[in-house]
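So you can see what is in the structure, the chains are spelled out below.
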Amino acid sequence: MFVSDHLEKYHIASRAAEARRRIVADFRDFRFTLRGALKWTATVVFAVLFAAIVTLYFLDWNQLRGPIGRYLSHRTGREVRIDGNLKVDLFTWQPSLDAGGLFVGNPAWVGRDHAARIERLRVEMRLMPLFAGRLVVPLVSIDHPDLLLVRDSGGRTNWDGSGAGGTWKLPPVRRFLIDDGHVEIDDALRKLRFTGKVDSHEEQGGHGAAFALTGDGTLNRNRFLADVHGGPLINVDARKPYSFRADLRAGGTHAVVDGSITRPFHFDRFNATIHVDGPNLSDLYYLTGLALPGTPPYRLQAAVTRNGGIYHLTNLSGELGSSDISGDLTVDAVGKVPVLSGSLASRRLSLTDLGAAFGGGRHAPVKSPYLLPDTPLHVERLRQTDAEVDFAATSVKSRDFPLTSLVTHISLEGGVLKLDPLALGFTAGKLSGALKIDARGREPVTTIDARISDLHVEHFIKSASKPVSGVLEARARLTGSGDSVHKAASNANGIFTAVVPSGRMRQSLAEWLGVDFISALGLTLTGDQSNTNVRCAVAHFTAKNGLMTAQQFLFDTDPVRVDGRGQIDLKDETVDLTLQGKPKSFQLVRLRAPITLKGPWAHPFIGVDPKPALTQGGIGAALGVLNPFAAILAFIDPGLAKDANCADLLTTAKAQGAPVTASAVENAPAPRK
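Residues numbered from 1 in each chain as written. Predicted model: local features only at pLDDT ≥ 70, side-chain atom pairs only at ≥ 80, totals over all residues. Heavy atoms only, no water.

Caption draft 1: Up close: the confidence of the model for the protein chain. On average, residues of the protein chain carry a pLDDT of 81, and 76% of them reach 70 or more. Across residues 204-209 the pLDDT falls below 50, and counting only partners more than four positions away or on other chains, this stretch makes 9 contacts in the model. Of the regions scoring below 50 in pLDDT, residues 629-635 engages in 18 contacts with residues more than four places distant in sequence or in other chains. (pLDDT = per-residue confidence, 0-100. Contact = heavy atoms within 4.5 Å.)

Caption draft 2: How the structure looks around helix α10 (residues 646-655). Along α10, the residues that are buried comprise Cys646, Leu649, Leu650 and Ala653. The buried residues of α10 occupy one face: seen down the axis, they fall within an arc of 95 degrees. Contact partners of the buried residues in α10: β25 (493-500), β27 (531-544), β28 (547-557) and α11 (662-666). Where α10 terminates, the next one or two residues include Gly657, which has phi positive at roughly 115 degrees. (Buried < 20%, exposed > 50% of the residue type's maximum accessible area, 1.4 Å probe, protein only. Helix = DSSP H or I, 4+ residues; strand = E, 2+ residues; numbered from the N terminus. Arc of directions from axis to C-beta.)

Caption draft 3: Spotlight on the state of the cysteines. By the definition in use, this model includes 1 disulfide. In this model Cys536 forms its disulfide with Cys646; the gap between the sulfur atoms is 2.1 Å. Sign of the S-S torsion, about -75 degrees for the bond between Cys536 and Cys646, identifies this disulfide as left-handed. Taken together, the positions of Cys536 in strand β27 and Cys646 in helix α10 put the pair 110 residues apart, joining distant regions of the chain. For the pair Cys536 and Cys646, one class covers both residues: buried. (Disulfide = S-S within 2.5 Å.)

Caption draft 4: Representation of the environment of Leu127 within the structure. Position of Leu127 relative to the elements: it lies in the loop between β4 (114-124) and α3 (128-131). You can call Leu127 partly exposed: its relative accessible area is 24%. Separated by 34 residues in sequence, Leu127 and Trp93 have C-alpha atoms that sit 5.4 Å apart. Once you skip the residues sitting within four places of it in the chain, Leu127 turns out to touch Thr92, Trp93 and Pro95.

Caption draft 5: Geometry of the packing of aromatic side chains. Taken as a whole and assessed by the stated rule, the structure comprises 5 aromatic pairs. Taking the centre distance of 6.4 Å and the plane angle of 85 degrees together, the rings of Phe244 and Phe270 count as edge-to-face. With Phe244 in strand β10 (residues 242-250) and Phe270 in strand β12 (residues 269-278), the pair connects residues that are 26 residues apart, well separated along the chain. The same class applies to Phe244 as to Phe270, namely buried. Between Tyr285 and Tyr286 the ring centres are 5.4 Å apart and the planes differ by 80 degrees, which places this aromatic pair in the edge-to-face class. Judged by its relative accessible area of 8%, Tyr285 is buried. On the basis of relative accessibility, which here comes to 7%, the residue Tyr286 falls in the buried class. One aromatic cluster is present, formed by Phe244, Phe270 and Tyr311 through successive ring pairs. Positioned over the ring face of Phe103 is Arg81, at 4.1 Å from the centre of the ring. (Phe/Tyr/Trp six-rings, centres within 6.5 Å; stacked < 30°, edge-to-face > 60°. Lys NZ or Arg CZ within 6 Å of the ring centre and 35° of its normal.)

Following this line, the structure appears as structure tokens:
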């Protein structure tokens, strides 16, 4: 058994040793096989590379003009051709491409064949930076380029499928040479047609610059001139800004831009200062694409920084007519429409200058026979810009109103313009409310909701003598359609309510309103300046299709109650009101002749309706036939008019929207018995 055990162990050890020998032999065979495969692979790769290098070295690149053109045509969606000689030099430390007769076609909708024709294009690049993932271009040389840039009225362009938010970036170019270039721009959206010449030379040229783009054309049917100059495009350093200067003129608009591209050939990054002046700020729409308000002649300056599709305008300052303006704005041009945001302020604002925003004032382009501006506003532009801007004026100058301040927030989104809140401060009192212009439809719709609170009537009387005093509270809610203020008012619907809860009036004026000749004449001749109470005054009008009709018109004083009727025509801008005064005490001689206010708003005529007085005179004459002393009876008024119930009138006016306070209602005088 001992011998058999040893034999068994011997056989096991022998089998293990044999297994090890087989494993070592198999590994040696695999190593030789792998080494052979790698050698064959390296040989094949080397052969392929060698063949490719030999092929590229001896290749006639003109044979690839067709395939390259078809590939680029497929990628760009427009025809691309190389009609001239094509030469590529790869076997140098500075590879180059030289192409002649380069043609880039237009999309089919343009209707013209070429977007670009280049007689000769040469591009050189450095080899070593490519291994580090950087593209450095020592030279770009373009001979006789002919470029056509087109944008239709819908915003489509032939140069960039990404729309307004697209940017143009180039790698660092040490030398950028352009010889006898021509540029044509046909922009239906901006109404711009421009033909220019562009050159870039290595040597310093005229105006202290070597790059020049000059030309002329039309912008919104006005002559357009452009003169852009920059330093020589040689030895441009990507780490240093590239300076330029642009001088643009379009009709009466003149803009001068001094700036620098912070990272050369990244045209979406630059800093600049801009000075611009012109007859109307809204004309800048064709240069900027922004829907700006109408203004009187202006002069502005600002620092402009572009970062991609975002423009920052800081330290904005200048003048609009006789008003000053300052602030900071941001324009976000990344989306479908630009978005304007920021805040503006004015230390002195002329109300006449502000009126130009609505087509009125002395700067209106067309003289109108109406007081309400009738100049058509470019409301269609409201769909081309969005905005969120705060505006505040700390001093307001007005010829007719004792204004002190103006504060508003301007919101424009999707063609809907809102001024909410809109607050005007007076010497005593304020006007607050909101204005909305909805330009989404074919015809813009304007809605105004305005409240007048604590407004002292006497502040609107320019004479030293104040025959009337009191606090006015009012509310107007009107909606109309039209592309001008006057057209919107001409078909306006809504209500207007005005209230004077209490006040004072010259006694003689009250007697004249009652047509009490003896009392009024006596007070006037004696110079009596005494006053009487205005118990309350209420006027409520409803507007329908531009015609405001008095539903309630009452003016109540201690001696006289005045009831009114009539209409105010917003279309013709005329007034036709009748005031009938009724005395509350016995009057010996009183003509029953209502006072009338008729005619255009600018020059209304105050008169007396003679018809009731003639009837009264006829009655007196008839009585005089019976007895001469009886004729006086026709002119005697027993004074039966009663006090108005002011509390009820004020409560009704408050329900109609007038900002009447609860205390005014509580303190309203009760009718006398």
